[in-house]
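Report on the structure
One letter stands for each residue in the lines below.
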Amino acid sequence: MFEAGALFGFTGTTMASLMFFWSMYRQFVPYQLRDYLEKCFYKMFGLVSTSVHIKFTEYTEDKGLKKSQAYDLIRNYLSSKSTARAQRLKANESKNSKSLVLSLDDHEAVEDVFQGVKVVWSLSVWKSDNQADSSERKYLTLSFHNRYREMITTTYLDHVLREGKEIGLKNRERKLYTNNSSQDYSAWREGRWSNVPFDHPATFETLAMDLEKKEGIKKDLIKFTKGKDYYRKVGKPWKRGYLLFGPPGTGKSTMISAMANFLEYDVYDLELTTVKDNSELKKLMLDTKGKSIVVIEDIDCSLDLTGQRKKKKEEDEDEEDEEKKAEKLLKRERSERESKVTLSGLLNAIDGLWSACSGEKIIVFTTNYLDKLDPALIRRGRMDNHIEMSYCRFEAFKVLAKNYLEIESHDLYGEIKRLVEETDMSPADVAENLMPKSDEDDADICLRRLVKSLEEEKEKARKLAEEEKKKKAERDARRKKKKAEEEHKKKKETEENGDVFRDNGNLI
Ligand SMILES: Nc1ncnc2c1ncn2[C@@H]1O[C@H](COP(=O)(O)OP(=O)(O)OP(=O)(O)O)[C@@H](O)[C@H]1O
Ligand SMILES: [Mg+2]
């Protein structure tokens with residue numbers, strides 16, 4: 001009835017009276033009676049009516065009783081419309097119990113306007129007449145004027161489903177997936193992945209790094225998320241690869257969380273060493289959903305991905321001490337025993353992911369040593385954006401000071417600026433110094449602690465450089481001596497051979 005009034009575009013006092021009548025009717029007439037009356041009304045009204053009704057049931061009955069995806073998407077779409085316009089709403093807790101989600105109450109209707117055309121959505125509940133059967137089925141009815149049949153059944157419904165999907169993705173509880181089975185005691189299993197709610201607090205605002213670089217990354221990410229049509233136009237899958245490299249504690253993992261929070265994506269943390277073989281890896285990759293970041297951390301340590309290249313390099317490093325060599329060999333043997341994933345398997349899995357999945361996806365590799373990686377793995381097209389996470393410089397320090405001490409300037413800033421520019425200290429270490437250790441620790445104490453720490457670090461680096469220089473000189477001297485000995489030996493051998501030749505000559 002209300003639907004009919006709205007659809008026919010009654011205005012002014014007619015509409016006001018109708019609205020009053022409608023709210024009285026809704027308040028005082030029980031819904032069982034209302035359902036009956038409305039059915040009769042529609043039957044009678046249908047004979048002369050020019051309105052069209054489309055029913056969307058909560059469950060589809062074709063393959064057993066299966067939840068209808070379209071119904072869920074429409075409910076998502078209607079949630080915001082209902083909050084703004086419906087008279088009776090239902091409040092539910094969100095999945096992460098952090099907020100309330102309002103939606104259309106049963107037996108309630110809400111109006112929507114699309115391209116100037118009014119439509120009405122109503123939510124009804126069907127209950128079985130059979131006393132023994134207590135089940136109830138919900139359904140949504142879309143009502144509109146027949147004149148707009150074409151537009152509503154195509155453009156409008158497409159719009160509703162698309163928006164519903166977007167809203168659903170936005171409201172969903174984001175997840176951190178892992179393939180590492182040893183960590184999943186409290187996690188839910190979903191196919192090959194287990195998951196826990198993703199609740200990392202890192203954001204780009206709290207990430208300490210060069211501001212220009214940070215803005216560049218944000219812009220790149222925004223461009224990527226809006227690039228659906230562009231990627232289609234240039235014939236590329238809608239994916240982007242990031243390689244984050246830099247020393248430990250410079251914020252590579254923090255950056256991944258900031259990216260996920262910025263884009264509102266899920267995170268798949270792929271532990272390569274626990275993947276059995278190449279085909280398992282491919283299945284894992286294909287099992288990931290859209291709007292997600294697939295992460296492989298410390299890719300240089302995960303597997304012997306550099307193969308022959310690395311072995312050759314090791315042979316060249318004749319100065320490397322035995323202990324280190326044995327440790328590396330043990331590590332490689334262990335990873336070979338645990339996993340049979342190869343470099344080409346990884347490349348294929350990434351390319352499979354690139355081409356076979358729908359929806360936008362980002363893959364991130366992190367490493368402490370860029371030069372240890374095979375060029376094929378990090379070439380543009382696979383890893384489109386190479387981002388260096390560096391030691392804490394003044395810009396990054398200011399962000400950390402703001403985060404940890406809530407200050408934007410201080411007398412010590414000048415000294416700190418000089419020190420951080422000439423000392424390599426990771427943001428993790430700077431942050432540790434800035435963190436108050438007791439209630440008495442104010443900004444002044446924390447900054448002085450940082451200055452002291454930076455000075456110590458500087459001194460340590462100076463001593464280390466001196467030692468390195470000394471070691472290098474010794475190494476050079478050893479090499480020179482070895483070379484001279486070899487040359488001397490060679491010369492001696494040539495002379496001896498010459499003597500034998502002369503002796504032989506004499507004999508002849
Ligand atoms: N750039 C940064 N901005 C803000 N906090 C940072 C930054 N870098 C490090 N931190 C702090 O230091 C901690 C360790 O950083 P993170 O784990 O991101 O380093 P990483 O580069 O991934 O190190 P690794 O190479 O050892 O994995 C973080 O929890 C965070 O608190
Ligand atoms: Mg890390």
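Residues numbered from 1 in each chain as written. Chains lettered and ligands numbered in written order. Predicted model: local features only at pLDDT ≥ 70, side-chain atom pairs only at ≥ 80, totals over all residues.

**Things to note about the overall build of the protein chain**
Which entries qualify depends on this criterion: Think of it this way: any DSSP run of H or I at least four residues long counts as a helix, any run of E at least two long counts as a strand, and we number them from the N terminus. A residue is called partly exposed when the number of other C-beta atoms within 10 Å of its own lies between 12 and 20, exposed at 12 or fewer, and buried at 20 or more, with C-beta atoms placed from the backbone. Contact definition: two residues whose C-beta atoms, as placed from backbone geometry, lie within 7 Å.
If you tally the helices and strands in the protein chain, you get 18 helices and 16 strands. The proportion of buried residues among the 508 residues of the protein chain is 24%. Restricting to contacts in the protein chain with at least 6 residues of sequence separation, those with at least 24 account for 72%.

**Considerations on the site of ligand 1**
Condition: Nearness here is judged by the C-beta atom: place it from the backbone, and if it falls within 6 Å of a molecule or strand, the residue counts as near that partner. Side-chain classes follow a simple rule in which Ala, Val, Leu, Ile, Met, Phe, Trp, Tyr, Cys and Pro form the nonpolar group, Asp, Glu, Lys and Arg form the charged group, and the remainder, Gly included, forms the polar group. Note that domain bounds follow an automatic or database assignment of domains.
Surrounding ligand 1, one finds 16 residues, the nearest of these being Pro248, Gly251, Ser253, Thr254 and Ala428. Of all elements in the fold, only helix H8 (252-263) and helix H17 (427-434) reach the threshold of two or more residues within the shell around ligand 1. Looking at the shell around ligand 1 residue by residue, the classes come out as 8 nonpolar, 7 polar and 1 charged. Of the residues that make up the shell around ligand 1, three or more belong to each of domain 2 (175-303 + 339-388) and domain 3 (411-480).

**As for the nonpolar core**
Where a protein is soluble and globular, its nonpolar side chains tend to be buried together. Note the following rule: Among buried residues, those of type Ala, Val, Leu, Ile, Met, Phe, Trp, Tyr and Cys that are joined through C-beta atoms within 7 Å form a set called a nonpolar core.
Core analysis: the largest hydrophobic core is formed by 59 residues, its most contacted members being Val267, Ile293, Val295, Val364 and Leu400. No fewer than three residues from each of domain 2 (175-303 + 339-388) and domain 3 (411-480) sit in this core. Those residues in contact with valine 295 that lie beyond four places of it in its chain are Ile256, Val267, Tyr268, Asp269, Leu270 and Val364. Ranked by size, the runner-up nonpolar core spans 18 residues in total, among them Leu78, Val119, Leu140 and Leu142.

**Some details on the sheet that holds strand S8 (residues 136-145)**
For clarity, the cut-off: Criterion used throughout: strands pair if DSSP finds at least two bridges between them. Orientation is described by axes fitted as lines to C-alpha atoms, over the contacting stretch for helices, and by angles from 0 to 180 degrees between their N-to-C directions.
In space, the 4 strands of this open sheet follow the order S1-S8-S7-S6, with antiparallel pairing throughout. Here the strands that pair on one side only, and so sit at the sheet edges, are strand S1 (51-57) and strand S6 (108-114). When strand polarity is set aside, the average angle formed by the axes of neighbouring strands in this sheet is 25 degrees. Relative to strand S7 (residues 117-127), S6 is paired through 7 bridges, and the arrangement is antiparallel. Looking at the pairing, phenylalanine 114 lines up with valine 117 of S7.

**What about the environment of alanine 461?**
Secondary-structure assignment places alanine 461 in helix H18 (residues 443-507). Residue alanine 461 is classed as partly exposed on the basis of its C-beta count, with 14 C-beta atoms lying within 10 Å. When the C-alpha positions of alanine 461 and leucine 286 are compared, they lie 46 Å apart, and in sequence the two are 175 residues distant. Excluding its chain neighbours within four sequence positions, the residues that come into contact with alanine 461 are Thr423 and Asp424.

**Brief notes about the confidence of the model for the protein chain**
Where we set the bar: On a range of 0 to 100, pLDDT expresses the predictor's confidence in each residue.
For the protein chain, mean pLDDT is 83; residues scoring 70 or higher make up 78% of the total. Between residues 306-320, whose pLDDT stays under 50, and residues either more than four places distant or in other chains, the model counts 8 contacts. Taken over the whole predicted complex, pTM reads 0.71, whereas the ipTM for its chain interfaces reads 0.99.

**Details of helix H5 (residues 149-171)**
Rules: Expected helix span is computed as 1.5 Å times (number of residues minus one).
Along its 23 residues, H5 runs 31 Å from first to last C-alpha, staying within 8% of the 33 Å computed at 1.5 Å per residue. Burial in H5 covers these residues: Ile152, Val160 and Gly164. Residues of H5 that are buried make contact with helix H4 (69-85), S7 and S8.

**Notes on helix H9 (residues 278-286)**
Formally: Working definition: the arc comes from the directions between the helix axis and the C-beta atoms, pointing outward to the latter.
By the burial criterion, the buried members of H9 are Leu281, Lys282, Leu284 and Met285. Along the axis of H9, the buried residues cluster in a sector spanning 160 degrees; they form a single face.

**Remarks on the pairing of strand S12 (residues 239-245)**
Taking burial as the measure, the 7 residues of S12 include 7 buried ones, the bulk of the element. Of the two faces of S12, the one carrying Lys239, Gly241, Leu243 and Phe245 and the one carrying Arg240, Tyr242 and Leu244 are both buried. Pairing of S12 with strand S15 (residues 361-367) involves 7 bridges; the strand directions are parallel. In the sheet register, leucine 244 faces S15, and the bridge partner there is threonine 366. One ladder, built from 4 bridges, connects S12 with strand S16 (residues 385-388); its direction is parallel. Residue pairing for S16: leucine 244 is matched across the bridge by isoleucine 387.

**A closer look at the pairing of S7**
Side chains on a regular strand alternate between the two faces of the sheet. Counted along the chain from S6 to the antiparallel partner S7, the turn is 2 residues long, and its residue glutamine 115 has a positive phi close to 45 degrees. Taken together, the 8 bridges between S7 and S8 define a ladder with antiparallel strand orientation. From the neighbouring strand, valine 125 faces S8, where its bridge partner is lysine 138.

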